[in-house]
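Each chain, written out:
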Amino acid sequence: MKFFIDTANLKDIKEANDLGILDGVTTNPSLMVKEGITGANNITAHYVKICELVNGDVSAEVIATDLAGMIAEGEKLAALHPQIVVKIPMIKEGIKAIKYFSDKGIKTNCTLVFSAGQALLAAKAGATYVSPFIGRLDDISTDGMALIDEIRLIYNNYGYKTQILAASVRHVMHIINCAKIGADVITGPLSAIEGLLKHPLTDIGLATFLSDYQKGNS
Ligand code: G3P
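Definitions and cut-offs
- Residues numbered from 1 in each chain as written.
- Predicted model: local features only at pLDDT ≥ 70, side-chain atom pairs only at ≥ 80, totals over all residues.
- Heavy atoms only, no water.
- Patch = residues over 30% accessible without salt bridge, like charges linked within 9 Å, V, L, I, M, F, W, Y side chains within 5 Å.
- Areas by Shrake-Rupley, 256 points an atom, 1.4 Å probe, with all protein chains shown as cover.
- Salt bridge = Lys/Arg side-chain N within 4 Å of Asp/Glu carboxyl O.
- Lys, Arg positive; Asp, Glu negative; His and termini not counted.
- Charge placed at Lys NZ, Arg CZ, Asp CG, Glu CD.
- Helix = DSSP H or I, 4+ residues; strand = E, 2+ residues; numbered from the N terminus.
- Buried < 20%, exposed > 50% of the residue type's maximum accessible area, 1.4 Å probe, protein only.
- Expected span 1.5 Å × (residues − 1).
- Arc of directions from axis to C-beta.
- Contact = heavy atoms within 4.5 Å.
- Phe/Tyr/Trp six-rings, centres within 6.5 Å; stacked < 30°, edge-to-face > 60°.
- Core = buried A, V, L, I, M, F, W, Y, C linked by side-chain atoms within 4.5 Å.
- Pairing = 2+ DSSP bridges.
- Right-handed = clockwise from strand over helix to strand, strands pointing away.
- Axes fitted to C-alpha atoms, helices over the stretch in contact; angles between N-to-C directions.

Peer 1: What is the right way to look at a negative patch on the surface in this model?
Peer 2: Residues D138, D143, D149 and E150 make up a contiguous surface patch of negative charge. For D138, the position within the fold is in helix α7 (residues 134–139). Judged by its relative accessible area of 33%, D138 is partly exposed.

And the structure:
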């Protein structure tokens, strides 16, 4: 399973990358604004900085919602760096844009996916990644993980190559359950990724080993 970090924060990206387990980065307009990155030039420069920090795919989201606009914007984003994946919303014109980029060999990430039907369309259009938002489904009392299950089944049935990029991952159990189901990628904040490290018995065991060592070697 690939691990992406879902942030535009360079410090967090570096921290996850330094762990040696990072496979890519996802961002969105809200995450950019959260880091104070505004204005087209600053945003594109930030994407390049992220690409230079990590090896792996970096999703850069289009703002346009019409086909011509998404194509123009996506082409500019894709030209920024070979690691850029054009992130396109799950709307009718978005599906056409994904097909356009897929035919040109440009990687895409279909975002804001909340149903199996949407994921099926994204795969038919040739999306490289599909991003079901599991946390946001959980937020409205709908089982986000059940959606990952459905998409996995459908993609397996037909051998679709589109990778399931579980997004809006908020915590460790989201990651573990995605791994059990067979999501290809998870993207989440640094806290969720680092949460995998933690177990109280590890801490207690290590403290005991170190104190026994001190007793025996002092
Ligand atoms: O990857 C999608 C993500 O950025 C949304 O996460 O936590 O805002 O639902 P969240």
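After that view, the rundown keeps rolling.
Peer 1: Please clarify how helix α3 (residues 40–53) should be interpreted in this entry.
Peer 2: For an α-helix the count is 3.6 residues per turn, leaving residues at separations of three or four pointing the same way. For α3, with 14 residues, the first-to-last C-alpha span of 20 Å sits near the 20 Å given by 1.5 Å per residue. Those residues of α3 that sit buried are H46, Y47, I50 and C51. The arc that holds every buried residue of α3, seen down its axis, measures 140°, which confines them to one face. The exposed residues of α3 that point more than 90 degrees off its buried face are N41 and E52. On its buried face, α3 is in contact with α1 (10–18), β2 (24–26), α2 (29–34), β3 (57–61), α4 (67–80) and β4 (84–89).

Peer 1: It is not clear to me how the environment of C51 should be interpreted in this structure. Could you clarify?
Peer 2: Secondary-structure assignment places C51 in helix α3. Residue C51 is classed as buried on the basis of its relative accessible area, which comes to 2%. When the C-alpha atoms of C51 and K14 are compared, they prove to be 11 Å apart, with 37 residues separating the residues in sequence. Residues within four places of C51 in sequence aside, it is in contact with V58, H81, Q83 and I84.

Peer 1: In this structure, what is going on with the packing of aromatic side chains? I would like to understand it.
Peer 2: Under the criterion given, the structure shown has five aromatic pairs. Both rings, one in Y158 and one in Y160, keep their centres 6.0 Å apart while their planes meet at 40°; by these two values the pair is tilted. The exposure class of Y160 is partly exposed, given its relative accessible area of 23%. Cluster of aromatic residues (ring-pair linked, three or more members): Y155, Y158 and Y160.

Peer 1: How do you make sense of the nonpolar core when you look at a structure like this?
Peer 2: Most often, soluble globular proteins have nonpolar side chains that are buried together. One finds I5, V25, I88, I148, A166 and C178 to be the most contacted residues of the largest nonpolar core, which totals 55 residues. Ignoring anything within four residues of it in the chain, the contact list for V25 reads F4, I5, T7, I13, I50, V54, D57, V58 and S59.

Peer 1: Any chance you could explain the pairing of strand β8 (residues 185–188) here in plain terms?
Peer 2: Side-chain positions along a regular strand alternate between the two faces of the sheet. Residues V185 and T187 line one face of β8 and the alternating positions I186 and G188 line the opposite face, and both faces are buried. Pairing between strand β1 (residues 2–6) and β8: four bridges, direction parallel. Considered in β8, the bridge of I5 is made with G188. Bridge analysis of strand β7 (residues 163–166) against β8 gives two bridges, and the strand direction is parallel. What sits directly across from A166, in β8, is I186. Assessed by its sense of winding, the connection that carries the chain from β7 through helix α9 (residues 172–181) to β8 is right-handed.

Peer 1: What is the right way to look at the sheet that holds β7 in this model?
Peer 2: Hydrogen bonds between backbone atoms are what pair the strands of a sheet, whose relative direction is either parallel or antiparallel. Spatially, the eight strands close up into a barrel ordered β1-β2-β3-β4-β5-β6-β7-β8, and their pairing is parallel. When strand polarity is set aside, the average angle formed by the axes of neighbouring strands in this sheet is 30°. Each of β2, β3 and β4 is contacted by α3, which is oriented at about 170° to β3, the strand it contacts most.

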